[in-house]
Amino acid sequence: MEGILKNSRLFAREKEKEDRQAIEEYRDILRDLAFLREQIERVDSNFNMTDDKDLVESYIYESNALAARYRFLLRTAKEQRSRLGNAVALIGITE
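Residues numbered from 1 in each chain as written. Predicted model: local features only at pLDDT ≥ 70, side-chain atom pairs only at ≥ 80, totals over all residues. Heavy atoms only, no water.

Novice: When you look at the overall build of the chain in this model, what are you seeing that I'm missing?
Specialist: Along the backbone of the chain there are three helices and zero strands. In the chain, which comprises 95 residues, the share counted as buried stands at 17%. When contacts within the chain are restricted to residue pairs at least 6 apart in sequence, long-range pairs at least 24 apart make up 69% of them. Surface exposure of the chain reaches about 7600 Å², of which carbon and sulfur atoms provide 53%. (Helix = DSSP H or I, 4+ residues; strand = E, 2+ residues; numbered from the N terminus. Buried < 20%, exposed > 50% of the residue type's maximum accessible area, 1.4 Å probe, protein only. Contact = heavy atoms within 4.5 Å. Areas by Shrake-Rupley, 256 points an atom, 1.4 Å probe, with all protein chains shown as cover.)

In C-alpha cells, the structure reads:
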C-alpha cells in the first residue's frame, strides 16, 4: 500500500512539473504574440510613410513573413491552451 501511495505522489509531482512547464511555454507564446503585434504595427506604419518602391516591396515581404509567424504562434497558443484546460484560468492568464 505504501508503494502505491509513494508512486501516486511521485506521479502527481511529475504531472505538476509538466503542467508548470506547459504554462510557462504558453506564457512565452503569448509574449511572442504581443511582440509580433508590435512589429506588425511598426512595419505597417513604415509602409504607410514611404513612397520608395524598393522599401514598399521590402515592407510587403516583411509584413507577409510576420503575418505567417503570427498565424503559427496563434495556432500553437490555441493548441497549448486546449491542452492546459482549466489550469490557464486558475493561474490568471488572460488574452
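Novice: Help me understand the pattern of salt bridges, please; the structure alone is not making it clear to me.
Specialist: Proximity of charged atoms lets side chains of opposite charge pair with each other. Applying the stated criterion to the full structure yields four salt bridges. The closest approach of N and O atoms between arginine 31 and glutamate 24, which form a salt bridge, is 3.2 Å. According to the relative accessible area criterion, arginine 31 is partly exposed, its value standing at 46%. Across the pair arginine 31 and aspartate 28 runs a salt bridge whose closest N-O atoms are separated by 2.3 Å. Linking arginine 31 with aspartate 28, this pair stays in helix H1 (residues 2–49), spanning three residues, or about one helical turn. Overlapping salt bridges, with partners in common, bring together Glu24, Arg27, Asp28 and Arg31 in one network. (Salt bridge = Lys/Arg side-chain N within 4 Å of Asp/Glu carboxyl O.)

Novice: Looking at this model, I keep getting lost on a negative patch on the surface. Mind explaining?
Specialist: Together, Asp51, Asp52, Asp54 and Glu57 make up a negatively charged patch on the protein surface. Here glutamate 57 lies in helix H2 (residues 53–84). (Patch = residues over 30% accessible without salt bridge, like charges linked within 9 Å, V, L, I, M, F, W, Y side chains within 5 Å. Lys, Arg positive; Asp, Glu negative; His and termini not counted. Charge placed at Lys NZ, Arg CZ, Asp CG, Glu CD.)

Novice: Hey, could you run me through the nonpolar core in this one?
Specialist: Side chains of a nonpolar character, in soluble globular proteins, are inclined to be buried together. Judged by nonpolar contacts, Ala22, Ile23, Tyr26, Ile29, Leu33, Leu36, Val43, Tyr59, Leu66, Leu73, Ala77 and Leu84 together constitute the single largest core of 12 residues. Going through the elements one at a time, H1 and H2 are the ones with two or more residues in this core. The element contributing the most residues to this core is H1, with seven residues. (Core = buried A, V, L, I, M, F, W, Y, C linked by side-chain atoms within 4.5 Å.)

Novice: Looking at this structure, I do not really get the environment of asparagine 48. What am I missing?
Specialist: Turning to its location among the elements, asparagine 48 is positioned in helix H1. Its relative accessible area of 62% is what places asparagine 48 among the exposed residues. In this structure the C-alpha to C-alpha distance between asparagine 48 and tyrosine 59, which are 11 residues apart in sequence, comes to 9.5 Å.

Novice: Before we go on, may I ask you to explain H2 in this structure?
Specialist: Along an α-helix, residues three or four positions apart point the same way, because every turn accommodates 3.6 residues. Over its 32 residues, H2 runs 46 Å from end to end, which matches the ideal 46 Å to within 8%, given 1.5 Å per residue. Within the span of H2, buried status applies to Tyr59, Leu66, Leu73, Ala77, Gln80 and Leu84. Sitting at the head of H2, aspartate 52 places a side-chain oxygen 3.1 Å from the backbone nitrogen of aspartate 54. Just past H2, the residue glycine 85 takes up positive phi, approximately 65 degrees. (Expected span 1.5 Å × (residues − 1). Polar contact = N/O pair within 3.5 Å; in protein donor to acceptor, adjacent residues only side chain to side chain.)

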